[in-house]
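Survey of secondary and tertiary structure
Residue strings, one per chain:
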Amino acid sequence: MTQPAIYIIDGSRTPFIKAQGRPGPFQASDLAVLSAQPLLMRQPFAPDALDEVIVGSVSPAADEANIARVIALRLGCGHRMPAWTVQRNCASGMQAIDSACTSLLLGKSGLVLAGGTESMSHTPVLYNRHMVNWLGDLSRSKSPWQKIRTLARLRPGFFAPVIGLKKGLNDPVVGLSMGQTAENLVHRFSIPRTRMDHYAVQSHQRLLHAQENGHLDEVVTIYDHEGRFYDHDNGVRPDSSVEKLAQLAPVFDRKFGSVTAGNSAQITDGAAWILLASETAVKQYGLSPVGRIIATGWAALDPAQMGLGPVHAMAAVLSSQNLEFADIDYWELNEAFAGQVLACMEACKSTDYCRNELGMDTMLGEIPHECLNVDGGAISIGHPVGASGTRIVHHLLTVLQRNQARLGIATLCIGGGQGGAVLVENLQ
């Protein structure tokens, strides 16, 4: 039985805006609405014709509960249209796509707006446990004397903040930060610091080239409440060099490490979308599909080795379609860390790794540098964790179109020890 086609109709994203210490000008729902509006305005149907809106988001604000519903209502999708939020750490935006595919395959929906959004600069700063307990006791104090006794127990240490972003980037099971898991991979595959820094510089150079040559048409200009506009990914560093990066100290293992702020993904705010449709919806609205989702795949592994998740997910997708590495024209592998990307490339061409970890007889294959992240990646663009999974899927399709190529894989690692991958076909 032939599987129903899942068509990509269109897509868009905000510029990815680098966090500057203070909360940025946009909350996650703002970013999503501002990038979806021009996308929907290009379509021959009204927003309320959508069957679902599915959004990936890791840490929406307290007033953005079920952020997908907030976004859908702000977009004018109407009260009757369902909207729901998914969370799979760094792959939340990819999970939104996969969930949309499921709805389309089951015939539950014909048109789905799927995407991801994150305003990492707005990740909350929390009270610590001592302050929370003290506030609870204060709220239960009834008499003036009880309140005075509770107030007397207040200590300066109660004001020590809990940084939500830092907590979120640590694995509670293995007790390692994401950067420390990257150090594990660097050590495992003996990746030198200079190679990582060279890769990071290349990411900035590729993004700059893409910006200067109009290769990022998916980026829409957005405006804040003070009239300032944002029209490009502002984390790019045109003057980046291996010599400059060599001066940076390791962040996650200060004594022996080699993972630095310069060869890691940037903390960023951003949103991304793709519009998916069934064959019935394509005919009903006279749509012109630009691509097709052929397959999605997920895999899991040791959380301490989480950066290798893409290798496992890609293997699953290729196996499900009886494809080999040679059949893939372009790749988008999210740049959580330069060392992590390079480790994935090493693992893919390692017969020992593929035999021992994937149960294969031979290696997966070699990813050509010239076909991987050709317009830069998260090291230069940024990595708003809820949005990146959608960004790499949609941008992969634009790369296939630009180069008149057919097949591509978008993949990323996932905190907690998972990997996700999407196989995309260019129809133009």
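Structure shown above.
Residues numbered from 1 in each chain as written. Predicted model: local features only at pLDDT ≥ 70, side-chain atom pairs only at ≥ 80, totals over all residues. Heavy atoms only, no water.

1. A closer look at a nonpolar patch on the surface
Let me state the cut-off plainly: Each patch is built from salt-bridge-free residues with over 30% relative accessible area, joining like charges within 9 Å and nonpolar side chains (Val, Leu, Ile, Met, Phe, Trp, Tyr) within 5 Å. Where accessible areas are quoted, they stem from the Shrake-Rupley method and a 1.4 Å probe; at the residue level, only the protein chains shown are allowed to cover. Throughout this description, the term salt bridge denotes a Lys or Arg side-chain nitrogen within 4 Å of a carboxyl oxygen of Asp or Glu. Helix numbering and strand numbering both begin at the N terminus, where a helix is a DSSP run of H or I of at least 4 residues and a strand a DSSP run of E of at least 2.
Where nonpolar side chains cluster on the molecular surface, the patch consists of Y127, V132 and L135 and spans about 290 Å² of accessible area. Mapped onto the elements of the fold, V132 is located in helix α4 (residues 129-140).

2. Some points on the packing of helix α8 (residues 193-212) against helix α12 (residues 338-348)
Put simply, the rule is: What counts as an axis is a line fitted to C-alpha atoms, over the stretch in contact for a helix, and the angles between N-to-C directions run from 0 to 180 degrees. Under this scheme an angle from 65 to 115 degrees is roughly perpendicular, one under 35 degrees roughly parallel, and one over 145 degrees roughly antiparallel; angles in between are oblique. What makes two residues a contact is simply this: any of their non-hydrogen atoms within 4.5 Å.
Two numbers describe how α8 lies on α12: the axes approach to 9 Å, and their chain directions differ by 105°. Relative to α12, the element α8 is oriented roughly perpendicular. Taking contact as the criterion, the partners of R195, M196 and Y199 in α8 are, on α12, A338, G339, V341, L342 and E346.

3. Comments concerning helix α2 (residues 67-74)
Going by this rule: Relative accessibility under 20% of the residue-type maximum defines a buried residue, over 50% an exposed one, and the middle range a partly exposed one, all with a 1.4 Å probe and only protein chains included. Our arc is simply the arc of the directions from the helix axis toward the C-beta atoms.
Among all positions in α2, only I67, A68, I71 and A72 are buried. One face of α2 carries all of its buried residues, which in axial projection span an arc of 135°.

4. Thoughts on the nonpolar core
Within soluble globular proteins, side chains that are nonpolar generally end up buried alongside one another. The criterion, for reference: Buried Ala, Val, Leu, Ile, Met, Phe, Trp, Tyr and Cys residues form a nonpolar core when they are joined through side-chain atoms within 4.5 Å.
Counting residues in hydrophobic clusters, the biggest one holds 80 residues, and the most contacted among them are L276, I293, L308, W331, V393 and V424. Element by element, the count of residues in this core is highest for α12, at eight residues. Those residues in contact with I293 that lie beyond four places of it in its chain are I6, I8, I97, C101, L276, V393, V422, L423 and V424.

5. Topic: the packing of α4 against helix α5 (residues 144-152)
Rules: Residue classes follow a fixed rule: Ala, Val, Leu, Ile, Met, Phe, Trp, Tyr, Cys and Pro count as nonpolar, while Asp, Glu, Lys and Arg count as charged, and any other residue, Gly among them, counts as polar.
Direction vectors running N to C along α4 and α5 enclose 170°, while the axes themselves pass 9 Å from each other. What the angle tells us is that α4 and α5 run roughly antiparallel. Contacts from W134, D137 and L138 in α4 reach K147, T150 and L151 in α5. Here the residues of the contact of α4 with α5 are counted per class, giving three nonpolar, one polar and two charged.

6. What to know about the packing of aromatic side chains
Quick reminder of the rule: Ring geometry is summarised as follows: Phe, Tyr and Trp rings, the Trp one being its six-membered ring, pair when their centres sit within 6.5 Å, and such pairs are stacked at plane angles under 30 degrees, edge-to-face over 60 and tilted between the two. For a lysine, the NZ atom is tested; for an arginine, the CZ atom; a charge sits over a ring if that atom is within 6 Å of the ring centre and within 35 degrees of the ring normal.
Taken as a whole and judged by the stated rule, the model has six aromatic pairs. The interplanar angle of 75° and the centroid separation of 5.4 Å between the aromatic rings of F26 and Y230 together place this pair among those described as edge-to-face. Taken together, the residues span a long stretch of sequence, with F26 in the loop between β2 (17-18) and α1 (28-41) and Y230 in strand β11 (residues 229-230) at a distance of 204 residues. Across the pair, Y230 and F26 agree in class, each one buried. Here the aromatic rings of Y223 and F229 are separated by 6.3 Å at their centres, their planes lie at 50°, and the arrangement is tilted. For the pair Y223 and F229, a shared accessibility class is recorded, and that class is exposed. One residue, R13, lies across the ring of F16, its end atom 4.7 Å from the ring centre. Over the ring of W298 we find R88; its NZ or CZ atom is 3.7 Å from the centre of that ring.

7. Describing the environment of S320
Here is the rule we go by: Polar contact criterion, stated in full: a pair of N or O atoms within 3.5 Å, where within protein one must be able to donate a hydrogen and the other to accept it, and residues adjacent in sequence count only if both atoms are side-chain atoms.
Tracing the backbone through its elements, the reader meets S320 in helix α11 (residues 309-320). Side-chain polar atoms of S320 contact the backbone oxygen of V317, separated by 2.7 Å.

8. A short note on the layout of surface pockets
How we decide: In this analysis a 1.4 Å probe is tested at points of a 1 Å grid over the protein atoms alone, and where it fits but cannot get out there is a cavity; an open set with protein on both sides within 12 Å along at least five of seven lines is a pocket; lining residues have an atom within 4 Å of a point. Grid points are joined across faces, edges and corners, and a volume is the space filled by probe spheres set on the points.
For the largest pocket, the calculated volume is near 760 Å³. As for the largest pocket, its lining consists of 26 residues, and the residues nearest its centre are L169, F252, S264, A265 and I267. Elements with a contribution of two residues or more to the lining of the largest pocket: α6 (164-168) and α7 (178-188). Counting residues per element, the lining of the largest pocket draws most heavily on α7, which supplies three residues. Grouping the amino acids of the lining of the largest pocket by side-chain chemistry returns 16 nonpolar, seven polar and three charged. Approximately 320 Å³ is the volume found for the second largest pocket. Around the second largest pocket, the lining is made up of 20 residues, and of these V58, N89, L165, G168 and L169 lie nearest the centre. Secondary-structure elements contributing two or more residues to the lining of the second largest pocket are α6 and β8 (170-171). The element contributing the most residues to the lining of the second largest pocket is α6, with four residues.

9. A word on empty space enclosed by the protein
Scanning the model with the defined rule gives two cavities of 30 Å³ or more in all. As for the largest cavity, its lining consists of Q27, A28, S59, P60, A61, E64, S119 and H122. Its residues placed into classes, the lining of the largest cavity shows three nonpolar, four polar and one charged. Size it by volume and the second largest cavity reaches roughly 30 Å³. In terms of lining residues, the second largest cavity is bounded by Y199, Q202, S203, R206, E335, L372, N373 and G376. For the lining of the second largest cavity, the per-class residue count stands at two nonpolar, four polar and two charged.

10. Topic: the environment of T398
Along the chain, the position of T398 falls in helix α15 (residues 388-402). In the structure, T398 is positioned 323 residues away from L75 in sequence and 25 Å away in space, judged by C-alpha atoms. A distance of 2.6 Å separates a polar atom in the side chain of T398 from the backbone oxygen of H395.

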